[in-house]
Amino acid sequence: MSSSLPPRHGWFSTLLAGALAAGCEGPAERLFTAQGNAPSRTGLVATGGGVVVGNEAGNLLRIGPTGAILWSSTLGREVASAPAVAAGTVVAGTLAGEWAGLSVEDGQDRWRVAGRPAPVGPLAADGARVYALGADGAM
């Protein structure tokens, strides 16, 4: 299910360096701009060699340190919240309660399940596990 996306659609992700480090006196420097195929409200999640972002078109994308889209995978519905990374797996849930675990390296499916509650808020990871909150407060 992984595929490349066209380079000019929807949302923008810009890496800024300089102003974010403590004690910097100059402005931030734009290093790159990467574009996906839809807007995103999930935020970026570090992968130890880039970032992962989910979008409103139901795609997860891994963006490398130079701005190249390394892989994308279609989940089918809008990604509900920030994904999380644990043990080499990116985990994300959609608003429709579809969940996926994808390889950080190549975006290949490790598992998928449907019919579960959609996550409320960003997922959290402790290195080995990913945690999610449901609308009823269950974890």
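The coordinates are above.
These figures come from a predicted structure and were not determined experimentally. (Residues numbered from 1 in each chain as written. Predicted model: local features only at pLDDT ≥ 70, side-chain atom pairs only at ≥ 80, totals over all residues. Heavy atoms only, no water.)

(A) Up close: unusual backbone geometry. Its identity as a non-glycine residue notwithstanding, Ala-87 has a phi of 50°, on the positive side. Summarising the element assignment, Ala-87 is placed in the loop between strand E7 (84-86) and strand E8 (89-93). A residue is classified by how much of its surface remains accessible, and Ala-87, at 60% relative accessible area, is exposed. (Helix = DSSP H or I, 4+ residues; strand = E, 2+ residues; numbered from the N terminus. Buried < 20%, exposed > 50% of the residue type's maximum accessible area, 1.4 Å probe, protein only.)

(B) Broad picture of a nonpolar patch on the surface. Judged by side-chain polarity, Val-120, Tyr-131, Leu-133 and Met-139 come together as a nonpolar surface patch covering roughly 410 Å² of accessible area. Position of Val-120 relative to the elements: it lies in the loop between strand E10 (109-113) and strand E11 (124-125). Residue classification places Val-120 among the partly exposed residues on the basis of a relative accessible area of 42%. (Patch = residues over 30% accessible without salt bridge, like charges linked within 9 Å, V, L, I, M, F, W, Y side chains within 5 Å. Areas by Shrake-Rupley, 256 points an atom, 1.4 Å probe, with all protein chains shown as cover. Salt bridge = Lys/Arg side-chain N within 4 Å of Asp/Glu carboxyl O.)

(C) Layout of the sheet that holds strand E5 (residues 59-63). As summarised here, the arrangement of the four strands in space is E3-E4-E5-E6, forming an open sheet in which the pairing is antiparallel. In the strand order of this sheet, the two ends are held by strand E3 (45-46) and strand E6 (69-74), each with one partner. In this sheet, strand E4 (residues 51-54) lies alongside E3 in antiparallel orientation, the contact comprising two bridges. Bridged to Val-45 within E4 is Val-52. (Pairing = 2+ DSSP bridges.)

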